[in-house]
Amino acid sequence: MVTENNVPAFSQFIKNGKISALPKAGWLCTYTPEEIIIANGFWPVRITGRQKAKKAEGYFPINFCPFIKSSMEDLLASGDELSAVIVTNSCDGMRRFYDIASKYIPDLPFFMLDVPRNQNEFAVRYFANNILKMSAFLETISGRKMLLPDLTSAQEICNEKRLLLKKLSNFFRNDQKVIGARNYFNILITSMTEEPGCFNTDLRSYLEYIESQSRHNQETPAIESGDVGSRQIPEIMILGNFIDEERLWEIFDELDCKISADDLCSSSRYFENIIQSGNFSNIFGRKQELPNGEISIDRLLRDIAVRQLFKPQCMRMANLNGKLEEINKNIVKNKIKGIIYISQKFCDNTLLFYPLLREKLNDKNIPSLFIEIEHNNLSVGQIKTRIQAFLEII
Amino acid sequence: MGIAENIKENLKLKIQNNLDRNYIRNILRIIGKRPVLAAYGATFSSRSDKYLNIATIKSISCSYNPKNTVAYGSLFLPYEMFHALDLAPFLPEVMGGFTGGLGIADRTLKEASARWYTPDLCTFHRSASGAVELDIFPVPNFLICSNLACDAAQKTFYMDAKKFGLEDNYYLIDTPYDNDESSIKYLAAQLESVSVDICRKSGKKLDIRKFKKAIKLSNEFRQWAIKASDIRKELCMYPKGFDGLNFILPFHGLAGTKDAVDVYKTMYFELNGFLKKQKRGNIKNTGIRRIGSGGRTSVNNVNSININNSNPSSGNGNAGSDKVKKILWLHLKPYYNNNLFNLLENNNYKVVFEEISNVYWPVLDPEKPFESLAIKMLSHPLNGSVQNRVNAILKMAKDFNVDGVIMFAHWGCRHSNGGARIIKDSLKEQDIPMLLLDGDCLNKNNSSEGQMLTRLQGFMEIVDARYQY
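Conventions and cut-offs
- Residues numbered from 1 in each chain as written.
- Chains lettered and ligands numbered in written order.
- Predicted model: local features only at pLDDT ≥ 70, side-chain atom pairs only at ≥ 80, totals over all residues.
- Domains from an automatic or database assignment.
- Contact = placed C-beta atoms within 7 Å.
- Helix = DSSP H or I, 4+ residues; strand = E, 2+ residues; numbered from the N terminus.
- Nonpolar A, V, L, I, M, F, W, Y, C, P; charged D, E, K, R; others polar.
- Pairing = 2+ DSSP bridges.
- Axes fitted to C-alpha atoms, helices over the stretch in contact; angles between N-to-C directions.
- Parallel < 35°, antiparallel > 145°, perpendicular 65-115°, else oblique.
- Left-handed = near helix turned anticlockwise from the far one by under 90°.
- Core = buried A, V, L, I, M, F, W, Y, C linked by C-beta atoms within 7 Å.
- Buried ≥ 20, exposed ≤ 12 C-beta atoms within 10 Å, placed from the backbone.
- Expected span 1.5 Å × (residues − 1).
- Arc of directions from axis to C-beta.

1. Structural notes on the domain arrangement of chain A
Size of an interface: often given as the accessible area lost when the parts come together.
All names here are of chain A.
Thought 1: On domain assignment, one finds that chain A holds domain 1 (1-18 + 150-216), domain 2 (21-146) and domain 3 (234-272 + 319-394).
Thought 2: The C-alpha-based centres of domain 1 and domain 2 are spaced at 25 Å.
Thought 3: Of the residues lining the interface, 11 residues belong to domain 1; the matching set on domain 2 comes to 10 residues.
Thought 4: Top contributing element to the side of domain 1 that touches domain 2 by residue count: helix H6 (residues 148-174), with 6 residues.
Thought 5: Among the residues making up the side of domain 1 that touches domain 2, the classes are represented as 7 nonpolar, 2 polar and 2 charged.

What follows is the structure, given as structure tokens:
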């Protein structure tokens, strides 16, 4: 695939991916701190539900998250590819996924990371303690202890990835046709599955290439944001949960619209916010530094906990008003004209948030389109028609 | 139809035709008056039922009284805290269940759908949300919820808070996954913080003595509930209309009050009376399970008189069907009129215990109220891993010596139904058959009674076949 201005897709640009010998640890939710996985000597691989659920159907009821069923299918087929899996209690479905997977795939070690729903000092300290337990779990598998240099190095790798993805996101928002929606969302998924150090190198090269292409094309008359000639391209926001559907993103490439903001488990909620030294102190006004100014693992864990809990929220978090404010800021900053709300079927947290959001959007006169999809079972034609009609409204 | 049933039906019709908070308040004001309540209570043949209905009406009346400070609460919160804070509790999920029994669930669910609540969501929450939007439920002063046992309350309560302009009086008590020291500390801190904040907003000081009193009463209620459960381990004949699945409100919402003590004390004495009658009549529940059906060959060999129900057996020709088969019921039941329990009764099946009546928590320490209430929440089998629930179910199945387990797979209840496979397999390892009955507790349009009855019949045939004379 080649986007406009002849920029190749990332997957074509990086033809010879490096192979890593590191053992892999699977993870599912963006509240999982990858830095802990890396610091313990593992390659963090997000489980993305690539396989269509078949055997997995026998383990779960019919009206159950299709993404979880596909993820179970992935694990059933994974053999000894993974050394461990980290699950979080992000929702009722995930809790049961942990139970089912750990019982019926007994040779694969699982860990349940308890993620708080509140964002206060109690919650941060509690979460930091849980992250330490997660590290202890990985240590028993790796057979070695996580040291401070491991953690600081892992933190740097993860922060770099987040900054690079943020840069990519800015490129995408400024000139969607150069990157392409399908390419953009594919890169995001790749960022969650490829070995982080290698990915950072590859994405850095790709971004440098795109930058150089952009400079080369600066002779072309600048296109005002949202305009093609006299025609206004609607600026929309995509909001939802874990969406990994190439054919869905292709629809956006085919239609005239601009995704000016995206808020998904598979996009900005993964990379927004970096870990900053003193996060905990800054937010809660508590001095953490040791007398001689050294940092400690405990302090780093608290900073990681803060980063995780204060990044763009998933709809499972308690501060729903905060989430509405987050979305509102995006709407104002990016001049959003409409929101496309995409949810996996049977996702209670996301589905129950929509009535709240819709009411808020009605107050602001912003139309929204609600789309429910089934992971790995997309009705492309129907959805394209609905999105087209929605774009015509806005 | 008995007098009590007639009164209930009339009330039901009145409410159906006057779906309005003020009307409900007026009705409750009338029937909540002591003489009227006493007269209503006298119409019940079962004392347990009587006290259940009286306590329920009293509690609901309190929540509709605008002079009281009302707090919405999600089901598995420690209500000792509510009573210690002088809050009149109102449990939307439980009252959502009442909408099914009152025949108004169609309307509340329709209202929820009109407000973009997807039909894939649990009907308890959807119906409750619809009832709030229709101004049927009382106006709260506070809303307190938890993620125990599911995700839904967190959102629906927040939306209710928004409707009433009470976002600042909305509290989510975040229940940790594990039951360990750090979880107890985290949870206890939240309970204390919420209590302090509510007191501040109510213009009161936190009175730890009230907490101690509520916990002492809770311990007393717990003791009677365990005694009543112990009776049920042997009991095969029950008062007419007794249904343990109807006692959700006193068991949860009235914990920490004298009313809960009275309900369960009454239940204990009534059931104890029936047990004595059962023993005096030398009525034993005999029956020999077929050798080879898992090695369980428990035999009551004291006496050989079988309990013969006045209704004939299902006529499948198996003499084992004369024995009363004991069933453990998991989750809840359809609250609209249905024939499931008639079918069970007509075939000598008795629900001898239900998961919702299980005393899962230890004796609480009144000297450490917040820590105790945290321990109570974390002890709940529905918290954390499904293995907690499995352990509780296996213990109940063993203690009550059940012949089978029925799990009602309520539509949209993902935390429960998601664990069904593990629960069924664990029971199978103990040679206990389990029926997973798909249905909807509130929405009869989302449930096929015919299918459920057929599946139930098939299950009974399997259980019947395990007995021989």
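2. As for the sheet that holds strand E1 (residues 70-73) of chain B
All names here are of chain B.
Thought 1: Across the sheet, 4 strands lie side by side as E2-E1-E3-E4; this open sheet has parallel pairing. Each of the sheet's edge strands pairs with one partner strand only, and the pair in question is strand E2 (88-90) and strand E4 (170-173). Adjacent strand axes in the sheet meet at a mean angle of 25 degrees when their direction is disregarded.
Thought 2: Sheet topology note: the E1/E2 ladder contains 3 bridges and is parallel. Paired with Val70 across the strands is Ala88, a residue of E2.

3. A short note on the packing of helix H10 (residues 181-202) of chain B against helix H15 (residues 369-378) of chain B
The description of two packed helices rests on the angle between their axes and on the distance between the axes.
Residues and elements named next belong to chain B.
Thought 1: The contact between H10 and H15 brings their axes to 8 Å, and the two run at 120 degrees. Comparing the axis directions of H10 and H15 gives the class oblique. The chirality of how H10 crosses H15 is right-handed. In this structure, H10 uses Ser183, Ile184, Leu187, Ala188, Leu191 and Glu192 to contact H15, whose residues at the interface are Phe370, Glu371, Leu373, Ala374, Ile375, Met377 and Leu378.
Thought 2: When its residues are assigned to classes, the contact of H10 with H15 shows 10 nonpolar, 1 polar and 2 charged.

4. Brief notes about the nonpolar core
Thought 1: Among the nonpolar cores identified, the biggest contains 246 residues, and Tyr264, Ala374, Val405 and Met407 of chain B are the most heavily contacted of them.
Thought 2: It is helix H5 (residues 121-142) of chain A that contributes the most residues to this core, 9 residues altogether.
Thought 3: Ignoring sequence-local partners within four residues, the contact set of Tyr264 of chain B consists of Phe221, Trp224, Ala225 and Ala228 of chain B.

5. Looking at the sheet that holds strand E3 (residues 82-88) of chain A
Strand pairing within a sheet occurs via backbone hydrogen bonds; the two strands may be parallel or antiparallel.
Residues and elements named next belong to chain A.
Thought 1: Pairing is parallel across the open sheet formed by 4 strands, whose spatial order is E2-E1-E3-E4. Bordering the open sheet on either side are strand E2 (43-46) and strand E4 (110-113), each of which pairs with just one other strand. The mean angle between the axes of side-by-side strands here comes to 25 degrees, regardless of whether they run parallel or antiparallel.
Thought 2: Examined bridge by bridge, strand E1 (residues 24-27) and E3 share 4 bridges and lie parallel to one another. Looking across to E3, one finds that Ala25 is bridged to Ala84.

6. Details of unusual backbone geometry
Thought 1: Here the residue pair Leu148 of chain B and Ala149 of chain B is connected by a cis peptide bond, since its omega of 5 degrees sits within 30 degrees of zero.
Thought 2: Turning to its location among the elements, Ala149 of chain B is positioned in the loop between strand E3 (142-146) and helix H9 (152-163).
Thought 3: Positioned with a positive phi, Asn273 of chain A is a non-glycine residue whose angle comes to about 80 degrees.
Thought 4: Positionally, Asn273 of chain A belongs in the loop between helix H11 (268-271) and helix H12 (279-284).
Thought 5: The class of Asn273 of chain A is partly exposed, set by 18 C-beta atoms lying within 10 Å.
Thought 6: Although it is not a glycine, Asn401 of chain B adopts a positive phi angle of roughly 50 degrees.

7. Side note on helix H19 (residues 449-464) of chain B
All names here are of chain B.
Thought 1: With 16 residues, H19 should reach 22 Å at 1.5 Å per residue; the first-to-last C-alpha distance of 22 Å fits that figure.
Thought 2: For H19, every residue scored as buried is listed here: Met452, Leu456, Phe459, Met460, Val463 and Asp464. All buried residues of H19 fall inside an arc of 135 degrees around its axis, so they share one side. Turned more than 90 degrees off the buried face of H19, the exposed positions are Gly450, Gln451, Thr454, Gly458 and Ile462.

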